[in-house]
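# Observations on the three-dimensional arrangement
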Amino acid sequence: MEDEIKSFIHVWITAIISLLYCYFITSKIPGGKFRFLSLLPVFYLFTVLPFNISSVHLGGPTIFYLTWLANFKLLLFCLDQGPLSLTSKPTPSLLQFISISCLPIKIRHYPSLRSPLNSSPNLDPSQILKSKYNPSLQYPKSPPDLEKTKSQSPLSLVCKALLLALVIRIYDYRAQLHPVVILVLYCCHIYLGLEIFLAMGAAPARALLRLELEPQFDEPYLSTSLQDFWGRRWNLMVTSILRPIVYNPIRSISTSIFGREWALLPALLGTFLVSGLMHEFIYFYFTRVNPSWEVTWFFVLHGICTAMEVAVKKALMGRYKLHRAVTGPLTIGFVALTGYWLFFPQLTRNHVDDRAISTMDIRECRISESVEVDEEVGGRDTNSGKKKLQFLQGM
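Calculation rules
Residues numbered from 1 in each chain as written. Predicted model: local features only at pLDDT ≥ 70, side-chain atom pairs only at ≥ 80, totals over all residues. Heavy atoms only, no water. Helix = DSSP H or I, 4+ residues; strand = E, 2+ residues; numbered from the N terminus. Buried < 20%, exposed > 50% of the residue type's maximum accessible area, 1.4 Å probe, protein only. Contact = heavy atoms within 4.5 Å. Polar contact = N/O pair within 3.5 Å; in protein donor to acceptor, adjacent residues only side chain to side chain. Lys, Arg positive; Asp, Glu negative; His and termini not counted. Salt bridge = Lys/Arg side-chain N within 4 Å of Asp/Glu carboxyl O. pLDDT = per-residue confidence, 0-100. Patch = residues over 30% accessible without salt bridge, like charges linked within 9 Å, V, L, I, M, F, W, Y side chains within 5 Å. Areas by Shrake-Rupley, 256 points an atom, 1.4 Å probe, with all protein chains shown as cover.

In terms of helices and strands, the chain carries 15 helices and zero strands. When the 395 residues of the chain are sorted by exposure, 40% land in the buried category. By sequence separation, contacts in the chain at least 24 residues apart represent 70% of the contacts at least 6 residues apart.

Listed below in structure tokens is the structure:
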């Protein structure tokens, strides 16, 4: 484990040095193909660096942060777009640039309340008309539609960490559990683990930058549709980075081909396909075996189903709506069952789940450490015994 931590530190020092190069040198090159060419070594480094880490819990976040988020944000940076653009207002500082590049964070920008209506010198504040951000005829502290997505409270994260610990403890009895129960445990493990690790990754940036950050999850277990699950609740950091890189360009191109009404469908399918390929890449880091493309088909299937859901909603035009008590369980059940069919097999077949569980089992770690210590002490005792025997024979 000590060597693994050293590799982890080395990887992140290299990543930070690469981002210093991006900030001080690459940013001086005009956006476009020349900036893209100057960033090719960084893209290569961020792609191969995670291969130096074999631990699931150290390698997983590193792969996600560098190979996916950082590379995609730097692609936008090539075009002087996205959160790293130095031409945006306010311009990100060096610390903000590094933090935004390689951490799962998105700075929350509140819309200004100083509209031409509100800034009128002759207008009594008590007579402000209703607007999108001021429906109650008062000056709010923050826009109401943004208050719905407040950051996770420390107490909520502690509760989720305790639930994750409980899930890990239940794994001790996997041999006696029904496969459906194991599926539920794996789904809970994925959700709780991701939310906790992403929150931990965002915590240093929140503390250092003292900025309000957008949450990474929004209670996905309350989803009422696939569109709601993938677009508004699950891993919102990925959603926000795929939208400008994949979704918007495909929709813009598709509009001229299929028309504005149907351009949404190929954009959805393309976005889910790219997400599936990136997950396939992440699985390759974990397993180091040739891809079986199951996880790609998982996301393609969800892209098709989400596109069909959107098309049906447009056709019905809100005339028929199922109650959320029906749509909620159907959505979560569909995600769980298709995950059991296509998402988890690559991980379980290559024992990635066993590696993840064993590294989180404190008792097993202590036993393995004690065995290593005993072997080391035993080896020293054997060597000292041999030296004593040689000394006596010499006498």
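Moving on, there is more to tell.
Positive phi is not limited to glycine here, since Glu219 has a value of about 50 degrees. With respect to the element layout, Glu219 can be found in the loop between helix H7 (179-209) and helix H8 (226-233). If you check the backbone angles, His351 has positive phi at about 60 degrees while not being a glycine. Secondary-structure assignment places His351 in the loop between helix H13 (345-349) and helix H14 (352-360).

What follows concerns the side chain of His279. If you trace the backbone, His279 turns up in helix H10 (residues 264-287). A polar contact of 2.8 Å, which involves the side chain of His279, links it to the backbone oxygen of Ser275. Discounting chain neighbours no more than four positions away, the residues touching His279 are Trp68, Val295, Phe299 and Phe343.

This part covers the side chain of Lys73. With respect to the helices and strands, Lys73 occurs in helix H3 (residues 56-78). Of the side chains with opposite charge, Glu214 lies nearest to the buried Lys73, which makes no salt bridge, at 11 Å. When neighbours within four sequence positions are excluded, Lys73 is seen to be in contact with Leu84, Ile100, Ser101, Leu103, Ile105, Met237 and Ile241.

In this section: the confidence of the model for the chain. Detailed reading of the predicted model is not advised wherever pLDDT is low. Mean pLDDT over the chain stands at 80; residues scoring 70 or higher make up 79%. Averaged over each element, pLDDT in the chain is lowest for helix H5 (residues 144-147) (42) and highest for helix H2 (residues 33-48) (95). In the model, residues 112-149 has pLDDT below 50 throughout and makes 36 contacts with residues more than four positions away in sequence or in other chains. Throughout residues 362-378 the model reports pLDDT below 50, and contacts reaching past four residues in sequence, or to other chains, amount to five contacts.

Across the nine residues of helix H4 (residues 94-102), seven count as buried, placing the element largely inside the fold. Among the residues of H4, those classed as buried are Gln96, Phe97, Ile98, Ser99, Ile100, Ser101 and Cys102. Looking at the buried side of H4, the elements it contacts are helix H1 (2-24), H3 and H7.

With that settled, the discussion passes to a nonpolar patch on the surface. There is a patch of nonpolar side chains on the surface, built from Met1, Ile5, Ile9, Ile13 and Ile17 and spanning about 510 Å² of accessible area. You can call Ile13 partly exposed: its relative accessible area is 45%.

As a further point, take H8. Each turn of an α-helix holds 3.6 residues, which means side chains three or four residues apart point in the same direction. Here H8 has its buried residues at Leu226, Asp228, Phe229, Trp230 and Arg233. As for H8, its buried residues are in contact with helix H9 (236-258), H10, helix H11 (294-316) and helix H12 (324-343). A positive phi of about 40 degrees marks Asn235, the residue just after H8.

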